[in-house]
Amino acid sequence: MSVLTDKHILIADDEPGLRRSLHLILSQEGCRVSQADDGLRALDAILEFHDTGTPVDLLVTDIQMPGLNGLELIDELNKAGLGIPTLVITGYGDKQTVVELLRKGCKEFIDKPFGPEELVARVTDVLEKLDAARRDTEETQALLEAEKSRLTMEIETYRKRFDEISEQIDAATAAYDSLLGVPPDCLVEAVLKSRPLSRLGGDYAGVCDSPEGCDVLVADVAGHDAGASYHTILIKAFFEENCRTKAPGPDFFRLLNAQLMESGEADRMVTGLFLHLDFGTMTGEVVSAAHPPLLHLGREGGEPALLGSEGGPLGVFEDAEFRSETFAFTPGDRFFLHTDGVTDASFLDIDSGVRVKLGGEGLYDLIGAYRELPLAQQTERIWADVLKFCAKKPQDDMLLLALEIPSP
Amino acid sequence: MYTIHEDTDRIAFEFSSEPGHIDRVILRAESFLDRFEAAGSRDFALVLRELLNNALEHGNRGRRDKSIFAAIRRMRGTLFMIRVHDQGDGFDHQAMDLAIPDDPFQTRSRGLPLVNAYAEKLEFNEAGNEVTAYMDLRGETAFRVSPGDEGCTITPSGSLSASNAETFRKTLSGLLASENAAFTFDFSLVPDIDSVSLSVMIGFAKSLARSRPDVVPSIVNASRDIVDLLHMTAMDRIFTVRPREAA
């Protein structure tokens, strides 16, 4: 079966002789052939064939015709949205027309005079090209479809993976949130404010009671990722264990340091501040590991004192040594512990181009400014001011823990 | 209506509230930025688009007879001001919470918090129909490594923080295999260093101490704050630290 079999070809030519011979030649090749003797009739016929479901596969048209010439016929078909494949019969003197046809994108011509074989060859050629183009389009389409379904599957896989990871992050976030927090029935009144930079943080605060008072730890693990939160869990476990064993602060930090050195494949630096309050003797002990000092605010007024400024970081040096500082306190005294994210809160001063940090002084000023308020309100106001200071854009995880020694 | 006024450090637009104009403004503003050594133009386009969309949708409520005024001005260096003014009734910006909502799937009212997160500062006029955002387009910190006779020098171009710590780590681990006689960190351009980046430097110093115990890395031109931080974290035990000369 040739490419010509059952193809519907319309011949538009005003010469009855030529029409007849074209009809005969193409019919013999198995084509279904229709005829029109001028451009206008050809247009009507093509439109009608299109409407009746027997569309024309190929138009073979002369150029010089009454009514509509070949060129106008092609224009009208295009206007009607029926740009069908066309083979144009050209003769001597049609040069200018050919140029115009080329410009319209019509590239198939046959020059008069031509023999039956030449006609069949040209028509075959045109129809084969059309078939090839159609196959190409179909193949491309099929390839695109295949690519699309592959991508859809991949996206689906990613989405599932994302959902899984989201669930894990949610679980980790919940775990981290529950890590922080102060038991409501502590011997010491405690108010905690914290805000991780991303959903998981590396800041930790814990308070636990002991028979003679309570122990407090604030720590800051480098990083804001799941790894940091993992270290935070380890620190919490060690702190709770220490509340049971009651090792002195320096020993607790030495143990914690050894453990962090062992598990810290990524050299994560940890800073921390440990506070032990003894309500029997009304004395406190503070141990620092490269952490910002705590502020001791006496109930009776007077200058606030900074406590705990010695000691290297945790998780960095095998031979790290920690020293404790002791101090006395009275009922109603307050302590403020924080991580450096709070004092690193900053904004860019537009006029000077200088980035202004809250700094220790800024934080201590805020603590002093609200010292007459009850602890919870004081802490609330300080926290709101810190967030306002950095336009709610923290540079780091931020944590503030405020404590008040109860009155007997 | 669509008009542009432009001079050396400023470009200003006035246009009717038609969505198509917003794309034109952004394209033109980006080519204005190209004149300066400003990076981070993607953040800039995001902020500008958010502000213009707000002006069109919420300010002028899509009314084409109302105009939007937008101006971009270079303040100094890589600091730019974006000011957008609409002809709407304004809104209660005092009551607006600029913190990014915790729920990542909440899409409502993310616009201005997003702008706030990218901008250094956000200001509103009294009426609430003009917003000014200041943006620093200095771009990511780059790490320049320059070899020299006395060993190699690593010069970070800006802040050292968690966001660039991984690049920092890779840069340094690439250097560990080298045969440099010394390693010097030049902190002339470093205003801040966070604990994640400190950890990266500790990791580097420790690896170096294991493979080449004779080489002690040094930090030069550190600001007073950074010198204090290095002392507090005892990092001056593993790095030789030289502060910045007072200007």
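Residues numbered from 1 in each chain as written. Chains lettered and ligands numbered in written order. Predicted model: local features only at pLDDT ≥ 70, side-chain atom pairs only at ≥ 80, totals over all residues. Heavy atoms only, no water.

Description of the overall build of chain B
This is how it is decided: Helix numbers and strand numbers start at the N terminus; a helix is a DSSP run of H or I with at least 4 residues, a strand a run of E with at least 2. Residues are treated as being in contact if the distance between any of their heavy atoms lies within 4.5 Å. Per-residue accessibility takes into account occlusion by the displayed protein chains alone, with areas from the Shrake-Rupley method and a 1.4 Å probe.
Along chain B, the regular secondary structure elements total six helices and 11 strands. In chain B, of all internal contacts separated by at least 6 residues, the share reaching a separation of at least 24 is 58%. Only carbon and sulfur atoms are counted for the fraction: they give 48% of the accessible area of chain B, which is about 12700 Å².

Quick notes on the confidence of the model for chain A
Heads up, the rule is: Confidence scores per residue from the predictor, reported as pLDDT, run from 0 to 100.
A residue-level look at chain A finds 96% of positions with pLDDT of 70 or above and a mean pLDDT of 86. The weakest mean pLDDT in chain A belongs to helix H4 (residues 95-103) of chain A at 78; the strongest belongs to strand S14 (residues 334-338) of chain A at 97.

Remarks on the interface of chain A and chain B
Our working definition: Two parts placed together each lose some accessible area under a 1.4 Å probe, and adding up what both lose gives the buried area. Throughout this description, the term salt bridge denotes a Lys or Arg side-chain nitrogen within 4 Å of a carboxyl oxygen of Asp or Glu. Pairing of N or O atoms within 3.5 Å defines a polar contact, subject to two protein rules: one partner must be a possible hydrogen donor and the other a possible acceptor, and residues neighboring in sequence count only if both atoms are side-chain atoms.
With 29 residues of chain A at the contact, the number on the chain B side is 27 residues. With both sides pooled, the region where chain A packs onto chain B buries about 2400 Å², and carbon together with sulfur makes up 56% of that total. Across the contact surface, chain A and chain B share three salt bridges. A salt bridge links Asp319 of chain A to Arg237 of chain B; its shortest N-O distance comes to 3.0 Å. On the surface where chain A and chain B come into contact, there are 11 residue pairs in polar contact (both at pLDDT 80 or more).

Some thoughts on the nonpolar core
Heads up, the condition is: Definition of nonpolar core: a set of buried residues of the types Ala, Val, Leu, Ile, Met, Phe, Trp, Tyr and Cys, connected through side-chain atoms within 4.5 Å. For each residue, the accessible area found with a 1.4 Å probe, counting protein chains only, is set against the maximum for its type, and the residue is called buried under 20%, exposed over 50%, and partly exposed in between.
Membership of the largest hydrophobic core comes to 55 residues, with the highest contact counts inside it found for Phe253 of chain A together with Phe185, Phe187 and Met201 of chain B. In terms of residue count, the dominant contributor to this core is helix H5 (residues 195-211) of chain B (eight residues). The residues contacting Phe253 of chain A, other than those within four sequence positions of it, are Leu217, Gly272, Leu273, Phe274, Val287, Ser288, Ala289, Leu314 and Phe322 of chain A. Val25, Val131, Met135 and Leu137 of chain B belong to the second-largest nonpolar core, a separate cluster that totals 34 residues.

Observations concerning the state of the cysteines
Residues and elements named next belong to chain A. To keep things clear, this is the line we draw: Disulfide: a pair of cysteine sulfur atoms within 2.5 Å of each other.
Following the criterion strictly, the structure yields one disulfide over all chains and no others. Between the sulfur atoms of Cys208 and its disulfide mate Cys243 the distance is 1.8 Å. Measuring the twist about the S-S bond at about -90 degrees, one finds the Cys208-Cys243 disulfide to be left-handed. Taken together, the residues Cys208 in strand S7 (residues 203-210) and Cys243 in helix H6 (residues 226-245) connect sequence positions 35 residues apart. You'll find Cys208 and Cys243 in the same group, each marked buried.

Remarks on the sheet that holds strand S1 (residues 8-12) of chain A
All names here are of chain A. Heads up, the rule is: DSSP calls a pair of strands paired once it identifies at least 2 bridges connecting them. Note on method: axes are straight lines fitted to C-alpha atoms, helices fitted across the in-contact stretch only, with angles between N-to-C directions ranging 0 to 180 degrees.
Judged by pairing direction, the sheet is parallel, and its five strands sit side by side in the order S2-S1-S3-S4-S5 without closing on themselves. In the strand order of this sheet, the two ends are held by strand S2 (32-36) and strand S5 (109-111), each with one partner. The sheet shows a mean angle of 20 degrees between the axes of neighbouring strands, taken without regard to direction. Relative to strand S4 (residues 86-90), strand S3 (residues 58-62) runs parallel, the two sharing four bridges. Considered in S4, the bridge of Asp62 is made with Ile89. Strand contacts of helix H3 (residues 70-79): S1, S3 and S4, with the helix running at about 150 degrees to S3, the strand carrying the most contacts.

Digging into the sheet that holds strand S9 (residues 270-278) of chain A
All names here are of chain A. Reading across from one edge, S7-S8-S9-S10-S13 is the order of the five strands in this open sheet, with antiparallel pairing throughout. The outermost strands of the open sheet, each flanked by one partner alone, are S7 and strand S13 (324-328). Strand-to-strand, the axes of this sheet are offset by a mean angle of 15 degrees, without reference to chain direction. Examined bridge by bridge, S7 and strand S8 (residues 213-221) share eight bridges and lie antiparallel to one another.

Quick word on the pattern of salt bridges
Counted by the stated rule, this structure contains 33 salt bridges over all chains. Asp131 of chain A serves as the salt-bridge partner of Arg134 of chain A, at 3.1 Å between the closest nitrogen and oxygen. With a gap of three residues between them, Arg134 of chain A and Asp131 of chain A both fall in helix H5 (residues 116-179), about one helical turn apart. Accessibility expressed as a relative area gives 45% for Arg134 of chain A, which makes it partly exposed. In this structure Asp131 of chain A comes out as buried when scored by relative accessible area, which is 18%. Salt-bridge contacts for Arg64 of chain B lead to Glu18 of chain B; the nearest nitrogen and oxygen are separated by 3.8 Å. In this pair, Arg64 of chain B sits in the loop between helix H2 (41-59) and strand S3 (67-76) while Glu18 of chain B sits in the loop between strand S2 (10-16) and helix H1 (19-33), placing the two residues 46 residues apart along the sequence. Owing to a relative accessible area of 54%, Arg64 of chain B belongs among the exposed residues under this scheme. Through salt bridges with shared partners, a single ionic network connects Glu108, Arg122, Asp125 and Lys129 of chain A.

A word on unusual backbone geometry
All names here are of chain A. Residue Pro113 is reached from Lys112 by a cis peptide bond, and omega for that bond is -5 degrees. Note on placement: Pro113 falls in the loop between S5 and H5. Phi is positive for Lys246, close to 55 degrees, though the residue is something other than glycine. For Lys246, the location among the structural elements is in the loop between H6 and helix H7 (249-263). Owing to a relative accessible area of 40%, Lys246 belongs among the partly exposed residues under this scheme.

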